[in-house]
Amino acid sequence: MIRASRLCRFANPLPFGRLNHVAIAVPKSKPILEAAAMYKNLFNAKVSDAVDLPDHGVTTVFVELPNTKLELLHPFGEKSPIQGFLDKNPGGGMHHICIEVENIEESIAKCKAANIRTIGDKPKIGAHNKPVIFLHPKDCGGVLVEMEQV
């Protein structure tokens, strides 16, 4: 039986916004534009150009869906942060979800107060040129969660 106190870690819940995107890791062996073409051809989705983000160690392509986006991630450089994920999941797969927040600093403080670890101490500028930070999957039910300030 789960105790109610385990279900409510936040005294003041975060003002989460909408789901911004679901990120999917694409293995190095598959060209990212080939992966993007599947969404474009099968679902008639709008697909962005591939963008290299050397500071993040990934190449991204965004697939726009009616209610959210998919972010295709491809390793960029020798020390890509998604390479560990791809080593464990050679075929690729869901890497993280991104939730919008109004104030990232306030959200980080609330997470830390609830003993939810962040990956890194400070937000970085993400693929949408907005501040982002990741929450540790061990504290989020096994899911890597990205918070993005909107």
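Everything below is about the structure printed above this text.
Residues numbered from 1 in each chain as written. Predicted model: local features only at pLDDT ≥ 70, side-chain atom pairs only at ≥ 80, totals over all residues. Heavy atoms only, no water.

S.K.: Sorry, what's going on with the pairing of strand β4 (residues 58-64) here?
M.R.: Put simply, side chains in a regular strand alternate between the two faces of the sheet. Buried residues dominate β4, accounting for six of its seven residues. Of the pairings in the sheet, the one linking strand β2 (residues 46-47) to β4 comprises two bridges and is antiparallel in character. When the sheet's bridge partners are listed, Val47 is paired in β4 with Val63. With three bridges joining them, strand β3 (residues 51-53) and β4 adopt antiparallel strand pairing. Counterpart to Asp52 in the pairing with β4 is Thr59. Taking the residues that link successive antiparallel strands as the turn, the β3-β4 hairpin has four residues, and the phi of Gly57 there is positive, at about 70°. Two strands pair when backbone bridges link them, and β4 and strand β5 (residues 69-75) are joined in this way by seven bridges, in the antiparallel orientation. By the bridge assignment for β5, Phe62 is matched with Glu71. From the end of β4 to the start of β5, which pair antiparallel, there are four residues. (Buried < 20%, exposed > 50% of the residue type's maximum accessible area, 1.4 Å probe, protein only. Helix = DSSP H or I, 4+ residues; strand = E, 2+ residues; numbered from the N terminus. Pairing = 2+ DSSP bridges.)

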